[in-house]
Amino acid sequence: MPPSPLPPAATLPPDEARRYLVGQLGLARPAFPPGARGVRALLKALRCIQLDPLDVIGTNADLVAMARVEGLVRGDVYRHLMPGHAFEHFAKERCLLPASAFPYYRERAAQAPWWRLEERLKRVPAAVLDAVHQELEELGPASSKTLTDHGAVMPIDWSGWKGTARATAMALEVLWTRCQVVVCGRAPGGKVYDVPRRALPRHAEASVDMPFERWSLLERVEAAGLLSRASGPHWSILSDVRTSGLPDTLVKEGLLEEVSVPGSPRRYLAPVGFRRRTFPEPDDRMRILGPLDPVLWDRGLVRVAFGFDYVWEVYKPAAQRQWGWYVCPLLHRGALVGRLEARVREDTLHVDNVWREKGVKLDDAALDAALARHATACGVDRVRRPRARVTS
């Protein structure tokens, strides 16, 4: 018997796609309480917050939270979530995930395609893995530098970028991938690890109600709002799921919808009933977005829905950059209206460049207010910024 056809794709005009993404991803107006409660509710709503170690005007996780929750300062994301409310693992690359997701990861050692757990297992003796695990069980929260030194290993090489050469640190990476230990915080010495029964006591032994692939695909669609069916970094650990029959199965079961957006050759997966979801109209607050904010995950969709071309140029050679090293988009009244490059130096938030989108009148008062809020969040008193330039 031939397989049943997929239901016809719903057509979502670009302006409706833009309004839906802004609302679905919590960028219309503050929808969460301020402070710790808001950060915890935000992570639950977003499903994951992508991590990046660069801290120029706050890390990406800081910027994602500050754009949506009031009353935060740099570093509050970790302080409010760990331990007990979140853990780190691979989702859309390395992310903060709500503690409720841990049982699904415990069932499967998910890893990004580039992580190469198998190579780590060849380099770290099983006795070292057992010793590090046992010491952490006995000692409690600790960083790799406070645990016993087990000597050196050959580091993983990513096209010239070297990973750790310390056996203890690599052992923690293996145990972390397997969910035998979790990251439970950050300290000046780096990541702090602990065993799940202490760091995530409510979820360490909880059961799951569906296979990891099925659960994680439904979560990823909610996290993206519209998940392109084409390959790309927005799939990450789910690359094999993308090419399996599971996406079609969930559409046929009525758990996902297939969507087309005029102007894009791609088809997208959306949560079932997404058009019936209601969101408030965007407020007047301008938001500084992190380079890895979920609304920016799919650059092709951003181009179609927002009319905005964005490439994070941090890894490009300086001569090849159009804008700058760490450039953040500006969202205002539901539209991407410009971008800025800034750094914190001494007691000042220095804005090195501001670009406004062609055809957009940038609201200087809204930008000044956004920068003043951000300076306070970064613990500085002053802002210096130039006049906006037009995006070429």
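For the structure, check the block above.
Now for a look at the structure at hand. (Residues numbered from 1 in each chain as written. Predicted model: local features only at pLDDT ≥ 70, side-chain atom pairs only at ≥ 80, totals over all residues. Heavy atoms only, no water.)

Things to note about the overall build of the protein
- The secondary structure content of the protein amounts to 14 helices and 17 strands.
- Within the protein, the fraction of its 392 residues that count as buried is 53%.
- Considering only residue pairs separated by 6 or more positions, the protein has 62% of its internal contacts joining residues 24 or more positions apart.
- Total accessible area on the protein is roughly 17600 Å²; 52% of this is exposed by carbon and sulfur atoms.
- Of the charged side chains in the protein, 56 are positive and 46 negative; the average position of the first set lies 3 Å away from that of the second. (Helix = DSSP H or I, 4+ residues; strand = E, 2+ residues; numbered from the N terminus. Buried < 20%, exposed > 50% of the residue type's maximum accessible area, 1.4 Å probe, protein only. Contact = heavy atoms within 4.5 Å. Areas by Shrake-Rupley, 256 points an atom, 1.4 Å probe, with all protein chains shown as cover. Lys, Arg positive; Asp, Glu negative; His and termini not counted. Charge placed at Lys NZ, Arg CZ, Asp CG, Glu CD.)

Looking at the pattern of salt bridges
- Applying the stated criterion across every chain yields a total of 32 salt bridges.
- The shortest N-O distance in the salt bridge between Glu258 and Arg267 comes to 3.6 Å.
- Judged by relative accessible area, Glu258 falls into the buried class, the value being 10%.
- Of the residues examined, Arg267 reaches a relative accessible area of 41% and is grouped as partly exposed.
- A salt bridge links Arg385 to Asp368; its shortest N-O distance comes to 2.8 Å. On the criterion of sequence distance, the pair formed by Arg385 in the loop between β16 (382-384) and β17 (389-390) and Asp368 in helix α14 (residues 364-377) is long-range, its members being 17 residues apart.
- Shared partners join several salt bridges into a network, and the residues in it are Arg229, Asp248, Glu258 and Arg267. (Salt bridge = Lys/Arg side-chain N within 4 Å of Asp/Glu carboxyl O.)

Observations regarding the packing of aromatic side chains
- Scanning the entire structure with this criterion turns up 17 aromatic pairs.
- By way of ring pairs, the aromatic residues Phe87, Phe102, Tyr104, Tyr105, Phe212 and Trp215 are connected into one cluster.
- When the ring centre of Trp176 is taken as reference, the NZ or CZ atom of Arg94 above it lies at 3.8 Å.
- The ring of Trp115 has Arg120 lying over it, and the distance from NZ or CZ to the ring centre is 3.6 Å. (Phe/Tyr/Trp six-rings, centres within 6.5 Å; stacked < 30°, edge-to-face > 60°. Lys NZ or Arg CZ within 6 Å of the ring centre and 35° of its normal.)

Observations concerning the packing of helix α1 (residues 14-24) against helix α13 (residues 299-306)
- Running from amino to carboxyl end, α1 crosses α13 at an angle of 115 degrees, the nearest separation of the two axes being 8 Å. Facing Pro14, Ala17, Arg18, Leu21 and Val22 of α1, the residues of α13 in contact are Leu301, Val304, Ala305 and Phe306. (Axes fitted to C-alpha atoms, helices over the stretch in contact; angles between N-to-C directions.)

Looking at unusual backbone geometry
- With an omega dihedral of -5 degrees, the bond running from Met82 to Pro83 counts as a cis peptide bond.
- Along the polypeptide, Pro83 turns up in the loop between α4 (76-81) and β3 (86-91).
- Despite not being glycine, Arg47 has its phi angle at roughly 80 degrees, a positive value.
- For Arg47, the location among the structural elements is in the loop between α2 (35-46) and β2 (49-50).
- Even without being glycine, Cys179 reaches a positive phi, approximately 65 degrees.
- Within the secondary structure layout, Cys179 lies in the loop between α8 (167-177) and β7 (182-187).
- By relative accessible area, which is 5% here, Cys179 ends up buried.

Quick word on the nonpolar core
- Core analysis: the biggest nonpolar cluster contains 78 residues, and Leu96, Tyr105 and Leu217 have the highest contact counts within it.
- No other element matches the seven residues that α8 contributes to this core.
- Look past the residues within four positions of Tyr105 in its chain and what remains in contact with it is Phe87, His89, Phe90, Ala91, Leu97, Ala110, Cys179, Phe212, Trp215 and Ile237.
- With 50 residues, the next largest nonpolar core counts Val22, Leu25, Phe274 and Leu301 among its residues. (Core = buried A, V, L, I, M, F, W, Y, C linked by side-chain atoms within 4.5 Å.)

Quick word on the side chain of Asp76
- Considering the arrangement of structural elements, one finds Asp76 in helix α4.
- In this structure the side chain of Asp76 is engaged in a polar contact, spanning 2.9 Å, whose partner is the backbone nitrogen of Val73.
- Here Asp76 is in contact with Asp62 and Gly71, once residues within four sequence places are set aside. (Polar contact = N/O pair within 3.5 Å; in protein donor to acceptor, adjacent residues only side chain to side chain.)

Points about the sheet that holds β3
- With antiparallel pairing, the three strands of this open sheet are ordered in space as β2-β4-β3. Each end of this open sheet is capped by a strand with a single partner; those strands are β2 and β3.
- Note that β3 and strand β4 (residues 93-98) share six bridges and pair antiparallel. Residue pairing across strands places His89 opposite Cys95, the latter belonging to β4. (Pairing = 2+ DSSP bridges.)

Concerning α8
- Of all 11 residues in α8, 11 are buried; the element is thus mostly enclosed.
- Within α8, burial applies to Ala167, Thr168, Ala169, Met170, Ala171, Leu172, Glu173, Val174, Leu175, Trp176 and Thr177.
- The elements touched by buried residues of α8 are β3, β4, α6 (117-123), α7 (126-139), β7 and β8 (190-194).
- After α8 finishes, the residue Cys179 shows a positive phi value of roughly 65 degrees.

Read these as geometric descriptors, not functional statements.
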